Amino acid sequence: MKANCLTDKENMELRNKFCPEGSKLRESQMELFKMLLVLADICKEHKIQWWLSSGTLLGAARHQGFIPWDDDVDIVMMKEDYKRLEKVLMEMQSDEYVLQSLKTDVEYINVFAKFRKKTGQDLSIDRRRNFYRWNGVFVDIFTIEKNNYTVTRLSKVIYHNIQHLTSYIQVKWLRRVLIRFIQILHATQFFDIVKESFYSLMAYWYSTDFLKYFRLILWLTIIIPNLKRKSENST
């Protein structure tokens, strides 16, 4: 790991280029580091395990800090630990920080939560940020749980593509109703039907009947025509 670290000189050159001292990005990174320490203390107090993830982990290993152009922090934990952290943060009385999730912000659509500063404005270009209840800098909290990867990805793609359309709705009450309606569909029967259909399709593909029909199609469309052409060519 050390062999892949940048030198102090290389890090300084990148920092001066992308986030020099006094820049909005550098100030945001310093605030994020402060928030990460606060969150780490909360997790330590409640014996919640977590670790750095994604660009934050890469930055810690390669840059001994932030990736110079990164504007958020990513952490991850097991789903069981997140449920405990969620309870703690929702009960927390803080003038500075808040848990932003589907449960705390009606405009929020992500299935992962954010530990967010209540005041200020983050540097993202998210279309929804003016709709959010809070807009300060944030730590993304991702979770890990056992699931089927393909089905989960399929569900995510459908969910986010449908939810993306709601960001164009300017009528507040209508946008919020549709957001919650889609979330209910995602959490209950609609996506269960999608998942079950996918499982059924996969089961059929690997069934004896499918292989039988596949062999029949193969014979009719490829093997028999080739045999006919060879016979015609030989005569």
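Residues numbered from 1 in each chain as written. Predicted model: local features only at pLDDT ≥ 70, side-chain atom pairs only at ≥ 80, totals over all residues. Heavy atoms only, no water.

Undergrad: Account for the overall build of the protein, with residues named and values stated.
TA: For the protein, the count of helices and strands is eight helices and five strands. The order of helices and strands in the protein, counted from the N terminus, is α-α-β-α-β-α-β-β-β-α-α-α-α. Counting over 235 residues, the protein shows a buried share of 33%. At a minimum sequence separation of 6, the contacts of the protein that also span at least 24 residues come to 62%. When the accessible surface of the protein is split by element, carbon and sulfur atoms take 60% of a total near 15,500 Å². (Helix = DSSP H or I, 4+ residues; strand = E, 2+ residues; numbered from the N terminus. Buried < 20%, exposed > 50% of the residue type's maximum accessible area, 1.4 Å probe, protein only. Contact = heavy atoms within 4.5 Å. Areas by Shrake-Rupley, 256 points an atom, 1.4 Å probe, with all protein chains shown as cover.)

Undergrad: Please set out helix α2 (residues 24-45) residue by residue, giving values where relevant.
TA: For an α-helix, the turn length of 3.6 residues means that residues three or four places apart are oriented alike. In this model, α2 (22 residues) spans 32 Å end to end at C-alpha, consistent with the 32 Å of a helix rising 1.5 Å per residue. Listed as buried for α2 are Leu 25, Arg 26, Ser 28, Gln 29, Glu 31, Leu 32, Met 35, Leu 36, Leu 39, Ala 40, Ile 42 and Cys 43. Backbone geometry just after α2 places Lys 47 at a positive phi near 55 degrees. (Expected span 1.5 Å × (residues − 1).)

Undergrad: I'd love a proper account of a nonpolar patch on the surface, names of residues and values included.
TA: Together, Val 171, Trp 173, Leu 174 and Val 177 line one region of the surface with nonpolar side chains, adding up to about 390 Å² of accessible area. Within the secondary structure layout, Leu 174 lies in helix α6 (residues 172-187). Among the residues examined, Leu 174 registers a relative accessible area of 31% and is labelled partly exposed. (Patch = residues over 30% accessible without salt bridge, like charges linked within 9 Å, V, L, I, M, F, W, Y side chains within 5 Å. Salt bridge = Lys/Arg side-chain N within 4 Å of Asp/Glu carboxyl O.)

Undergrad: If you had to explain the nonpolar core to someone new, which residues and values would you point to?
TA: In this structure, Leu 39, Ile 75, Leu 85, Phe 115 and Ile 141 are the most contacted members of the largest nonpolar core, which totals 22 residues. For this core, the elements supplying multiple residues, two or more each, are α2, β2 (73-78), α4 (79-91), β3 (97-100), β4 (113-117) and β5 (138-144). (Core = buried A, V, L, I, M, F, W, Y, C linked by side-chain atoms within 4.5 Å.)

Undergrad: Outline α4, listing residues and values.
TA: The end-to-end C-alpha distance of α4 is 19 Å, a good match for the 18 Å that 13 residues give at a rise of 1.5 Å each. Among the residues of α4, those classed as buried are Asp 81, Tyr 82, Leu 85, Glu 86, Val 88 and Leu 89.

Undergrad: Residue-level account of the sheet that holds β4, with values.
TA: Read from one edge to the other, the open sheet built from five strands follows the order β1-β2-β5-β4-β3, with strand pairing classed as mixed. In the strand order of this sheet, the two ends are held by β1 (51-52) and β3, each with one partner. In the sheet, β3 pairs with β4 via four bridges, with the strands oriented antiparallel. The residue bridging Tyr 97 from the neighbouring strand is Lys 117, located in β4. On top of the sheet, α2 reaches β1, β2, β3, β4 and β5; it is set at about 115 degrees to β4, its chief contact. (Pairing = 2+ DSSP bridges. Axes fitted to C-alpha atoms, helices over the stretch in contact; angles between N-to-C directions.)

Undergrad: Pulling in residues and values, what's your account of the side chain of Ser 101?
TA: Here Ser 101 is to be found in the loop between β3 and β4. Here Ser 101 is in contact with Tyr 82, Glu 86, Tyr 108 and Ala 113, once residues within four sequence places are set aside.

Undergrad: Can you tell me about the environment of Glu 10, naming the residues and giving the values?
TA: In this structure, Glu 10 sits in helix α1 (residues 8-18). Spatially, the C-alpha atom of Glu 10 lies 8.9 Å from that of His 63, the residues being 53 residues apart in sequence.

Undergrad: Could you give an account of unusual backbone geometry, with specific residues and numbers?
TA: The backbone of Lys 47 sits at a positive phi, close to 55 degrees, despite the residue not being glycine. Tracing the backbone shows Lys 47 in the loop between α2 and β1. Even without glycine at this site, Ser 54 takes up a positive phi of about 55 degrees. In this fold, Ser 54 is placed in helix α3 (residues 54-62).

Undergrad: How would you summarise the pattern of salt bridges if you had to cite specific residues and measurements?
TA: Per the stated rule, a full pass over the model turns up nine salt bridges. Salt-bridge contacts for Asp 81 lead to Arg 84; the nearest nitrogen and oxygen are separated by 3.0 Å. Of the two residues, Asp 81 and Arg 84 are both situated in helix α4; the distance of three residues between them amounts to about one turn of the helix. Take Arg 84: its relative accessible area is 37%, and that puts it in the partly exposed class. The network of salt bridges with shared partners includes Glu 107, Arg 175 and Arg 176.

Undergrad: I'd like a description of the pairing of β5, backed by residues and values.
TA: Judged from the six bridges that link them, β2 and β5 form a sheet pairing that is parallel. Note on β5: the bridge partner recorded for Met 77 is Thr 143. Two strands pair when backbone bridges link them, and β4 and β5 are joined in this way by four bridges, in the antiparallel orientation. Each bridged residue has a counterpart across the sheet, and for Ala 113 the counterpart in β5 is Ile 141.

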